[in-house]
Amino acid sequence: MTTAANTAFRPQTATRTDFDVYKVRADFPILARKIHGKPLVYLDNAATTQKPQPVIDAMVRYYTAENSNIHRGVHTLSELATESYEQSRATVQRFLNAAEAREIVFVRGTTEGINLVAQTWGRANIGRGDEILISAMEHHSNIVPWQILCEQQGANLRVAPVNDAGELLLGEFEKLLGAKTKLVAMAHVSNALGTVNPVRKIVEAAHRFDARVLLDGAQAIPHLAVDVRAIDCDFYVFSGHKVYAPTGIGILYGKAELLEAMPPYQGGGDMISSVTFEKTLYNRLPHKFEAGTPHVSGTIGLGAALEYVKSMGIESIARHEKQILAYGTKRLREIPGLRLIGTARQKEGILSFVLEGVHPHDVGTILDQEGIAIRTGHHCAQPLMERFGVPATARASLALYNTMEEMDALANGLQKVREVFA
Amino acid sequence: MSELRDLYQDIILEHSKRPRNYRTLEVANRKAEGFNPLCGDHFTIYVEVGDGQIRDISFQGSGCAISKASASMMTQAVKGKRTEEAEELFQKFHHVVTGKNGTESIELGKLAAFAGVSEYPVRVKCATLAWHALRAALRGDQHAVSTE
Ligand SMILES: Cc1ncc(COP(=O)(O)O)c(C=O)c1O
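Regarding the interface of chain A and chain B
Phase 1: Listed per partner, the contact involves 15 residues of chain A and 20 residues of chain B.
Phase 2: Each partner contributes to the roughly 1,500 Å² buried at the junction of chain A and chain B, and carbon and sulfur atoms together form 60% of this total.
Phase 3: Of all residues in chain A, the largest losses of buried area upon contact with chain B belong to A:His361, A:Gln369 and A:Val420, amounting jointly to 35% of the total for that side.
Phase 4: Inspection of the region where chain A meets chain B yields one salt bridge.
Phase 5: Its salt-bridge partner being B:Arg123, residue A:Asp362 comes within 2.7 Å of it at the nearest N-O pair.

And the structure:
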């Protein structure tokens, strides 16, 4: 009975071989709306993605028919909710090809996942004089938690440089590795440039020095097939909302033996197995890291989102997005005075640029009048902006529902910007 | 396009391309920075005050068209004014860019060109950044002012 009720939450998982972007668009109700009387052209997907109907439905169904607290009740609804929650964990496990479900910890998002590792694994394993190695293209959420940890522990933060195309200088990175390096924390895909980092090589090199590796997968998960066992990373974190799931839910993957040895993050209900005033025994993995009532509907939305992505086929999505990116790159290169920031050979879904004589903020306002949503600013990567000598960029970022026509709309919008500022 | 022109009026575009009083001021005895962390706009305002009067004023920095034009036109508007008058002008300017416009746009003269900003709430901070920095400079507050 429980399983029957729960399968109702799941969309069909048969993989579509022919990727029809117009059919896909029909799954996303918000794409039908107009902005300033023009059709919405949503190109701010690196900030957050829109949600398909199956995800919205799964969450509505949960609140309509199953809502209750998990892991605590013997009553039917609590059992149903618990099962949905744990099924989502299993969906994430399969999506990442993790060895075990207990290696999947539900967190609020990438930011919380990184802070969790910093404050538990980090405080237990990083000491005075140790080094944490990051790259010059990190999001603030993969910089600041390590700065805090370094301050607490007397450790040092090292930064591997990037070249003018925005690619990690692998040789420089390897030179920075040493006996003191305890952790490498790096983006799988850069949110400001779209650069895909050579994560296999990074992990291999780090492991030679016995350093652990955390990968920030926030921008990789919607675009690439991620296999944490093939990559062999020690931790992998991502946010649900960047892969068509709701906000407020994310994933920390960690190798079981590391998670087992780590102290808990927050104390409270669900993370304990017994409490007396003298001594508390912590719960098993992953519950040790899931104190308090979690975002149950969020986990259900995340499960539905990953099933949705799987039903499209991540390879088909990647192929489609590559075409759009290539076409968009070509159209933008035709615009006089436009400079692309981030031209890595391995790149996903991001068109970051500056337009000569026009501040990105003005670009954003004018495009918005055309119904085109892009992001302007430093993209939470101020050190990277400094590296490229710009205070900010305009960034168009892609998702599976973007079309060639939208790249034309963007290019036409940018021509309008040039006219206003001519 | 017509709506956009309300925001990007010719005088605003012109000042953003050729900002006036865009330099450091050697004789400045007041100085303050304005910073908008959201978009990275960053200006320094230099003021020479004597006997309660703004004798000279200049600015430097980088930002969007709205913030740069606003800084440029502000320096023109307040030069030679008494410090209290400059504060009053900021009050009126603030009302106009936030849409609480009474008869003030008439008194603002050229600065009334910024009335279109009231249709773009996220851009109000751009228009007022230099003014906030000016106020900090006049009040002798050396800390950078932030619009966040
Ligand atoms: C590469 C990268 N890391 C981390 C984050 C932070 O994610 P969240 O705000 O969902 O915790 C983002 C999103 O902005 C990102 O793009």
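Things to note about the environment of A:Arg123
All names here are of chain A.
Phase 1: Checked against the element boundaries, Arg123 lands in helix α5 (residues 110–125).
Phase 2: The class of Arg123 is partly exposed, set by a relative accessible area of 44%.
Phase 3: C-alpha separation for the pair Arg123 and Pro263, spaced 140 residues apart in sequence, amounts to 9.2 Å.
Phase 4: When neighbours within four sequence positions are excluded, Arg123 is seen to be in contact with Ala118, Leu149, Gln152 and Gln153.

Things to note about the state of the cysteines
Phase 1: Per the stated rule, a full pass over the model turns up zero disulfides over all chains.
Phase 2: Free cysteine B:Cys64: the closest other cysteine sulfur is in B:Cys126, separated by 3.8 Å.

Let's talk about helix α13 (residues 360–369) of chain A
All names here are of chain A.
Phase 1: The element α13 is largely enclosed, with a buried count of nine among its 10 residues.
Phase 2: For α13, the set of buried residues is Pro360, His361, Asp362, Val363, Gly364, Thr365, Ile366, Leu367 and Gln369.
Phase 3: Looking one or two places after α13, you find Gly371, whose phi comes out positive at around 85 degrees.

Details of the sheet that holds strand β9 (residues 235–239) of chain A
Note on sheets: strands pair through backbone hydrogen bonds, and any given pair is parallel or antiparallel.
Residue and element names in this part refer to chain A.
Phase 1: Pairing is mixed in the open sheet, where seven strands are placed in the order β4-β10-β9-β8-β7-β5-β6. At either end of the open sheet lies a strand with only one pairing partner, and these are β4 (104–107) and β6 (156–160). Each strand axis lies, on average, 20 degrees off the axis of its neighbour in the sheet, ignoring direction.
Phase 2: Relative to β9, strand β8 (residues 212–216) is paired through three bridges, and the arrangement is parallel. Bridge assignment links Asp216 to a residue of β9, and that residue is Val237.
Phase 3: Strands in contact with helix α4 (residues 76–96) are β4, β9 and β10 (250–254); relative to β4, the strand with the most contacts, it is inclined by about 120 degrees.
Phase 4: Taken strand by strand, helix α8 (residues 199–208) contacts β7 (181–187) and β8, and its axis lies near 155 degrees from that of β8.

Points about the nonpolar core
Phase 1: Judged by nonpolar contacts, the single largest core of 79 residues is most densely connected at A:Leu96, A:Phe173, A:Tyr236 and A:Leu302.
Phase 2: When residues of this core are sorted by domain, at least three fall in each of domain 1 (76–310) and domain 2 (314–417) of chain A.
Phase 3: With 72 residues, the next largest nonpolar core counts A:Ile324, B:Leu13, B:Ile45 and B:Leu129 among its residues.

Some thoughts on the packing of helix α12 (residues 314–333) of chain A against helix α15 (residues 404–420) of chain A
Helix packing for two helices is described by the angle between their axes and how far apart those axes are.
Residue and element names in this part refer to chain A.
Phase 1: Contact geometry for α12 and α15: axes closest at 9 Å, N-to-C directions at 20 degrees. Taken as axis vectors, α12 and α15 run roughly parallel relative to one another. As for the relative orientation of α12 and α15, their crossing is right-handed in sense. Residues Gln323, Ile324, Tyr327, Gly328, Arg331 and Leu332 of α12 pack against Met404, Met407, Asp408, Leu410, Ala411, Asn412 and Leu414 of α15.
Phase 2: In terms of residue class, the contact of α12 with α15 is built from eight nonpolar, three polar and two charged.

What counts as what
- Residue numbering note: each chain is counted from 1, following its sequence as written.
- Think of it this way: whatever chain is written first is A, whatever ligand is written first is 1, and the rest follow in order.
- Whole-chain, interface and lining totals are the exception, using all residues; otherwise, since this is a predicted model, local features are given only for residues with pLDDT of at least 70 and side-chain atom pairs are given and counted only at 80 or more.
- Side-chain calculation: all heavy atoms of the structure are included, whereas hydrogens and water are not.
- Residue contacts follow a heavy-atom distance rule, with two residues in contact if any of their heavy atoms lie within 4.5 Å.
- Here's the idea: put two parts together, see how much 1.4 Å probe accessible area each one loses, and the total over both is what we call buried area.
- The term salt bridge refers to a pairing of a side-chain nitrogen on Lys or Arg with a carboxyl oxygen on Asp or Glu at a separation within 4 Å.
- Put simply, DSSP H or I for four residues or longer makes a helix, DSSP E for two residues or longer makes a strand, and each gets a number counted from the N terminus.
- Three exposure classes are used, based on accessible area relative to the maximum for each residue type with a 1.4 Å probe and protein chains only: buried under 20%, partly exposed in between, and exposed over 50%.
- In this description, the term disulfide denotes a pair of cysteine sulfurs within 2.5 Å.
- We call two strands paired when DSSP finds no fewer than two bridges between them.
- Here, axes are lines fitted to C-alpha atoms. For helices the fit covers the stretch in contact, and angles between N-to-C directions go from 0 to 180 degrees.
- As used in this record, nonpolar core signifies buried Ala, Val, Leu, Ile, Met, Phe, Trp, Tyr and Cys residues forming a set joined through side-chain atoms within 4.5 Å.
- What counts as a domain boundary in this text is fixed by an automatic or database domain assignment.
- Any angle between 65 and 115 degrees counts as roughly perpendicular, while under 35 counts as roughly parallel, over 145 as roughly antiparallel, and the rest as oblique.
- Here a crossing is taken to be left-handed if its near helix is turned anticlockwise relative to the far helix by less than a right angle, and right-handed if that turn runs clockwise.
- Amino acids are sorted into nonpolar (Ala, Val, Leu, Ile, Met, Phe, Trp, Tyr, Cys and Pro), charged (Asp, Glu, Lys and Arg) and polar (every other residue, Gly among them).

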